[in-house]
Amino acid sequence: MILKEEILALEGKLIKGIMLGNRQHMTVKLLNYGAAVVELLVPDREKKSENIVLTHEKIGDYLKNPSCFGVTLGRTSGRIANGSFSIDGKAYTLEKNFGVNHGHGGLKNFSHQIWDYKIEQKEACTTVIFQYTSKDMEEGYPGNLEVQVSYTLTEENELLIEYEGVTDKKTLCNLTNHSYFNLSGNYRRKVTEQKLKIRSDQFLELNENQVPTGRFIDVTHTPMDFRHLKRIGKDIESDYVQLRRTNGYDHPWILEGKESQIEMIDEISGRKMSVSTTYPSVVVYSYNYPNQEKLKGGKVGSKYDGICFETQYEPDGINHAHLHQGILDVGERYDHKTLFKFTTV
């Protein structure tokens, strides 16, 4: 059900907030700026609902949002080495906004756009459908790309995110959501105290510039092994070259199976999140470089306050023939889904 729609004028922009709720005490607040998840209230084992994503103190903070709280990232999530790629022999140059690399779609990526939206209500759920057209050569990418991101809240305490897109010229498309989860409720404890499981035998090695080398590494006997439920903080500060390069976890894991590929549990509150996706990989980022964001509730964000599960094609796949290229061609339809299901233990 729709709980509330808000219209906010910020710096000359018309920002709209949409709040959805169900009968199971779960609430999600969305913004049309960046097609973003702003708040996600989920009940604990005592049925007390609290926010389990990092949220800025003020809605106006989403206009800058250096850590990308909750937003949709595109045209490509992750880094592209040296800000360059080729399609059918034609080279394209992108903004190097992540050091020597291009990152998350550029300086004015999808997270800094106002999206159109509509609301569809059915008996068992409500869907908010955000729509945006990225013009040919926006941020250096070819083709007019029409994208749609839909959020559906169900009565089973599921949040389904669906990504769709079509283009009039062969281009890159690799969309993800960048919410930072913390199941303790109102970020009262670090995510390092919570537990994580990832159905993955391999992760992608990163070079000194935090871009995949293309080499798959077996997780066995490494701090990257989450095949069994493990406290996130157990190995996060191990003396391991891959963790030193990223100051924590910020790597692509290659996913296996189709359901519950990721599980996260906060044993104190009893909240459990299960993630299933059609994407082949997930970048797990443990908020290693906080930007002193003021969080709702008066706290200042600090390292390990949240953790992202950026389901996507492998970053920089376009520059590695054996990885998913992330190419969308004319006549094709981009179509991926990620489901977040919340229960208690």
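Residues numbered from 1 in each chain as written. Predicted model: local features only at pLDDT ≥ 70, side-chain atom pairs only at ≥ 80, totals over all residues. Heavy atoms only, no water.

Some details on the overall build of the protein
So, step 1. Looking only at helices and strands, one finds one helix and 28 strands in the protein.
So, step 2. Against the 2.2 N^0.38 benchmark of 20 Å for 345 residues, the protein shows a C-alpha radius of gyration of 19 Å, consistent with a compact globule.
So, step 3. Along the first, second and third principal axes, the C-alpha set of the protein runs to 60 × 50 × 35 Å.
So, step 4. In the protein, of all internal contacts separated by at least 6 residues, the share reaching a separation of at least 24 is 65%.
So, step 5. Charge separation in the protein, taken as the distance between the mean sites of 43 positive and 47 negative side-chain charges, equals 3 Å. (Helix = DSSP H or I, 4+ residues; strand = E, 2+ residues; numbered from the N terminus. Rg over C-alpha atoms; globule rule 2.2 N^0.38 Å. Contact = heavy atoms within 4.5 Å. Lys, Arg positive; Asp, Glu negative; His and termini not counted. Charge placed at Lys NZ, Arg CZ, Asp CG, Glu CD.)

Details of the nonpolar core
So, step 1. If you look at the biggest cluster of nonpolar residues, it comprises 58 residues, and the most contacted ones within it are Leu40, Phe181, Trp253, Met264, Phe309 and Phe342.
So, step 2. Among the elements that take part in this core, strand 13 (residues 145-154) stands out by supplying five residues, more than any other.
So, step 3. Within the second largest apolar cluster, 18 residues are counted, among which are Leu31, Tyr33, Tyr62 and Tyr187. (Core = buried A, V, L, I, M, F, W, Y, C linked by side-chain atoms within 4.5 Å. Buried < 20%, exposed > 50% of the residue type's maximum accessible area, 1.4 Å probe, protein only.)

Considering unusual backbone geometry
So, step 1. Here the residue pair Gly74 and Arg75 is connected by a cis peptide bond, since its omega of 10° sits within 30 degrees of zero.
So, step 2. In this structure, His25 is a non-glycine residue whose phi angle is positive, near 70°.
So, step 3. Considering the arrangement of structural elements, one finds His25 in the loop between strand 2 (13-21) and strand 3 (27-31).

What about the side chain of His336?
So, step 1. For His336, the position within the fold is in strand 28 (residues 334-344).
So, step 2. The exposure class of His336 is buried, given its relative accessible area of 10%.
So, step 3. Polar contacts involving the side chain of His336 include one to the side chain of Tyr313, which spans 2.9 Å. (Polar contact = N/O pair within 3.5 Å; in protein donor to acceptor, adjacent residues only side chain to side chain.)

Description of the sheet that holds strand 22 (residues 250-254)
So, step 1. The strand order 17-26-25-22-19-20 describes an open sheet built from six strands, whose pairing is antiparallel. The strands lining the two open edges of the sheet, one partner per strand, are strand 17 (180-181) and strand 20 (212-218).
So, step 2. Summarising the sheet, strand 25 (residues 281-285) and strand 26 (residues 307-312) pair through five bridges and their orientation is antiparallel. Counted as the bridge partner of Val283 is Glu310 from strand 26. (Pairing = 2+ DSSP bridges.)

Section: the layout of surface pockets
So, step 1. Approximately 530 Å³ is the volume attributed to the largest pocket.
So, step 2. Residue lining of the largest pocket: 30 residues in total, with Cys68, Arg79, Phe98, His104 and His178 positioned closest to the centre.
So, step 3. The class makeup of the residues in the lining of the largest pocket is 13 nonpolar, 13 polar and four charged.
So, step 4. In this model, the second largest pocket occupies a volume close to 160 Å³.
So, step 5. The wall of the second largest pocket is formed by Gln24, His25, Val42, Pro43, Asp44, Lys47, Asn157, Phe342, Thr343 and Thr344.
So, step 6. Broken down by secondary-structure element, the contributors of at least two residues to the lining of the second largest pocket are strand 4 (36-43) and strand 28.
So, step 7. For the lining of the second largest pocket, the element with the highest residue contribution is strand 28, accounting for three residues. (1 Å grid on protein atoms, 1.4 Å probe; cavity = no way out; pocket = protein on both sides within 12 Å on 5 of 7 lines; lining within 4 Å. Points joined across faces, edges and corners; volume = space filled by probe spheres on them. Nonpolar A, V, L, I, M, F, W, Y, C, P; charged D, E, K, R; others polar.)

Remarks on the packing of aromatic side chains
So, step 1. By the definition in use, this model includes 20 aromatic pairs.
So, step 2. When the ring of Phe85 is compared with that of Tyr92, the centres are 5.3 Å apart and the planes differ by 20°; the resulting orientation is stacked.
So, step 3. Of note, Lys230 hangs over the ring of Phe226, and the distance from its end group to the ring centre comes to 4.1 Å. (Phe/Tyr/Trp six-rings, centres within 6.5 Å; stacked < 30°, edge-to-face > 60°. Lys NZ or Arg CZ within 6 Å of the ring centre and 35° of its normal.)

Describing the state of the cysteines
So, step 1. A full pass over the atoms with the stated rule returns zero disulfides.
So, step 2. Sulfur of Cys68: no disulfide; nearest cysteine sulfur belongs to Cys308 and is 8.5 Å away.
So, step 3. Judged by relative accessible area, Cys68 falls into the buried class, the value being 11%.
So, step 4. Cys173 forms no disulfide, and the closest cysteine sulfur to it belongs to Cys68, at a distance of 17 Å. (Disulfide = S-S within 2.5 Å.)

A look at the pattern of salt bridges
So, step 1. Enumeration over the complete set of coordinates arrives at 23 salt bridges.
So, step 2. Residue Arg189 pairs with Asp266 through a salt bridge whose shortest N-O separation is 2.6 Å. Taken together, the residues Arg189 in the loop between strand 17 and strand 18 (195-198) and Asp266 in the loop between strand 23 (262-265) and strand 24 (271-277) connect sequence positions 77 residues apart. The same class applies to Arg189 as to Asp266, namely buried.
So, step 3. One salt bridge in this structure joins Arg244 and Asp239, with 2.4 Å as the shortest N-O distance.
So, step 4. Each of Lys48, Glu50, Arg188 and Arg271 takes part in salt bridges that share partners, so that together they form one network. (Salt bridge = Lys/Arg side-chain N within 4 Å of Asp/Glu carboxyl O.)

Here's the deal with the sheet that holds strand 18
So, step 1. Strands sit in the order 11-12-13-14-28-24-23-18-21 across an open sheet of nine strands; the sheet is antiparallel. Since the sheet does not close on itself, it has two edges, and those belong to strand 11 (116-121) and strand 21 (230-231), each with one partner.
So, step 2. Examined bridge by bridge, strand 18 and strand 21 share two bridges and lie antiparallel to one another. Within strand 21, the residue paired with Leu196 across the bridge is Lys230.

Some details on the environment of Ile265
So, step 1. The residue Ile265 is located in strand 23 in this model.
So, step 2. Along the backbone, Ile265 and Ser134 are 131 residues apart, and their C-alpha atoms lie at a distance of 37 Å.
So, step 3. In contact with Ile265, other than residues within four places in its own chain, are Leu183, Gln194, Lys195, Leu229, Arg271, Lys272 and Val345.

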